[in-house]
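As a plain string of letters, each chain reads:
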Amino acid sequence: MAVRDDVVNTIAAFSLFADLTGPQLEQVAHLFDEAFFGDGERILRQGVSGSGFYIILEGTAAIRVNGVDRSSLKAGDYFGEISCLLGEVPIADIVAATPLRCLVLPGGQLEGFLTAHPKVMYRLLQGEARKLKNTTKWLS
Amino acid sequence: MVVGSGPGGLQLSYSLSRLGIDHAVLSDDAAPGGMFRRWPVFQRMLSWTKPFTGVSRTSRAYERYDWNSLIPDEDAHRAVMPALMDGTSYFPSRPEMQQGLEAFAERTGIRVRYGCRWESTKAISSPARGGGQGGGQDFVLTTSDGDYRAPVVVFAVGVAQPYRPPISGLDDVPHYGDFRPVESYKDHRVFIVGKQNSGFEIATGLLPWARQLVLASPSVTKLSVNTRTLVGVRARYVQPYEDAALAGGVVILDTTIEEVRKDGAGFLVRTRNATDGRELPMVADDVIAATGFVAPLGDLPELGVATFGQSRLPAQTPFWESATVPGIFFAGTITQGAAGLKKHGIPSNSGAVQGYRYNARVLARHLAETRFGVRIPRPQLKAGEAVGYLLSELSRGPELWHQRSYLTRVIQLDPDHGITDEGILPLAHFIDSGGPDAVAVALESNGQGDPYPAVYLRKDGHVSESLLAPHPLLDFNGTEYERQMADILDQVLSASPSPA
């Protein structure tokens, strides 16, 4: 199931893809699938295997741990990478807080995608560093 | 109201009738069959019907091997397809498929208002109706045969409206559906835009005719034998791929297509490699856009029906209801828009007859119970039967085989009512909806090895997942599976009084 043809323009504005050329963005758009979730629908399920790496195109989502909302995500944000990188089940639910359009890559393809696009890997690493910094700040 | 008389609309109408739900089926066509009245262009299906399987053709288990027959409740109407196929191939010809759908509709008494074109849709408020939850809003369909009004509308209109991506000049070239008689491509250089099954189907048919064949798109070609799913080019159409791999003359390019330009009697196609950015112009006598199809949803988006993806599929709940407009449902190949868990990125088979025929039956039950006040009886199981029943469903239940990680067999474990068979339900619904203690079993794949059973236990509202090992002969009976299933069930059953 391929993506809508306006996806290239949407992702061109996302910091994760800031270093890619036009043809590279088009290739990314063809590699990912598009998914849509209704308001309140779960995208990642805590404890359920086989999930993927998601990038939000439109809408917002809640990060929910043991039934409690912990944070929210918006267009340009991504989720699912921790479970894909570690090969483990998600430790949180992600729930659509509005109708939500996403790009999705199956977990097993994330390594190949990132190693083929080192600039995207670096941007993702920066994102993970930011999350770690915020968590450390929150803990201290 | 049901719109469409392809396999999805026919299966839904059949299943609604057997549950006593009044409905009308409207179709723009003149006879049953939907897109199989025209396509595939080379007149043979991709989905098989195996004549010899070791199981009786009048058994439910046979459905696993017969991907093309619709699924009745009565044995007499089972396995329509193998009885009318001529035996030269286990892939039915397109005319055989059409005959099979016509035969099923006739034998089971499905009534369709043919030649009735759906033109526009309105939602109007309505006083609450008795016996269901659908009150509040009715839909009025304006058709070539006047207005029809109902609280629930199911659109089974296929995904067969040609789509062309916004590539300069591509609008002026023929689409898959415009393919000419094959002889007219004799000694031509043919450039096919798109590397899905439709592109490879045409390339396969042109191998003995075309001088040169080029297939091009930005995505790398996947093969179903590698993905171990229906994702990718099917084995039937892999010959052009082998021809390219062995340098026989077919060219397969992973490139963006920047422009298609008329050039004398032929075309000039400008392509650009996504990896190194290099431009490669190609000259062709014919260009064919095998660039897919969109769902012909008419004015539904204006009504608020959200769509997504290149195919403009409607976003759907696990029960195939519009995610944004309650009361509008879908059947047939459009139900591939309900992704379900899509574990490991593997889609359900809802895009194909062997998958969506079960969706339609599940939808009929869901509509009957939630909208029309029908309570479908739940068979009781004795405590000692549950393990064997679930393992038998995993080994032979056609719903689980064809709709992996999407449809699940659910048994409820209620101390007051005993063990009841809740039937086949969408797995995402089971996991997300909450409810009494229950077990759901599904078959799953990770795209690498053989399929394996997955067991979802819901206890005190919390769902936990257990994945069992695959079996080389795909047989999930036997003591090791029995022990594992019993251990899972015991987490609930040992805590409640045995109803046996």
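Residues numbered from 1 in each chain as written. Chains lettered and ligands numbered in written order. Predicted model: local features only at pLDDT ≥ 70, side-chain atom pairs only at ≥ 80, totals over all residues.

Draft legend 1. Structural view of the domain arrangement of chain B. Residues and elements named next belong to chain B. For chain B, the domain assignment lists domain 1 (2-160 + 294-371), domain 2 (167-291) and domain 3 (380-493). For domain 1 and domain 3, the distance between their C-alpha centroids amounts to 27 Å. Taken together, the contact between domain 1 and domain 3 spans 19 residues of the former and 20 residues of the latter. Residue classes in the side of domain 1 that touches domain 3 are distributed as seven nonpolar, seven polar and five charged. (Domains from an automatic or database assignment. Contact = placed C-beta atoms within 7 Å. Nonpolar A, V, L, I, M, F, W, Y, C, P; charged D, E, K, R; others polar.)

Draft legend 2. Up close: unusual backbone geometry. All names here are of chain B. A cis geometry characterises the amide bond from Trp39 onward to Pro40, with omega recorded as 5°. In this structure, Pro40 sits in the loop between β2 (25-26) and α2 (80-84). Positioned with a positive phi, Arg312 is a non-glycine residue whose angle comes to about 50°. The class for Arg312 is partly exposed, based on 18 C-beta atoms found within 10 Å. Despite not being glycine, His344 shows a phi value in the positive range, around 55°. Residue placement: His344 occurs in the loop between β17 (328-330) and α8 (353-371). By C-beta crowding, His344 is classed as buried, having 20 other C-beta atoms within 10 Å. (Helix = DSSP H or I, 4+ residues; strand = E, 2+ residues; numbered from the N terminus. Buried ≥ 20, exposed ≤ 12 C-beta atoms within 10 Å, placed from the backbone.)

Draft legend 3. Focus on the interface of chain A and chain B. The interface of chain A with chain B comprises 27 residues on the first partner and 30 residues on the second. Listed by contribution, the elements that provide at least two residues to the side of chain A that touches chain B are α2 (22-31), β1 (33-37) and β8 (100-106) of chain A. With five residues, α2 of chain A is the single largest residue contributor to the side of chain A that touches chain B. Broken down by class, the residue content of the side of chain A that touches chain B amounts to nine nonpolar, 11 polar and seven charged.

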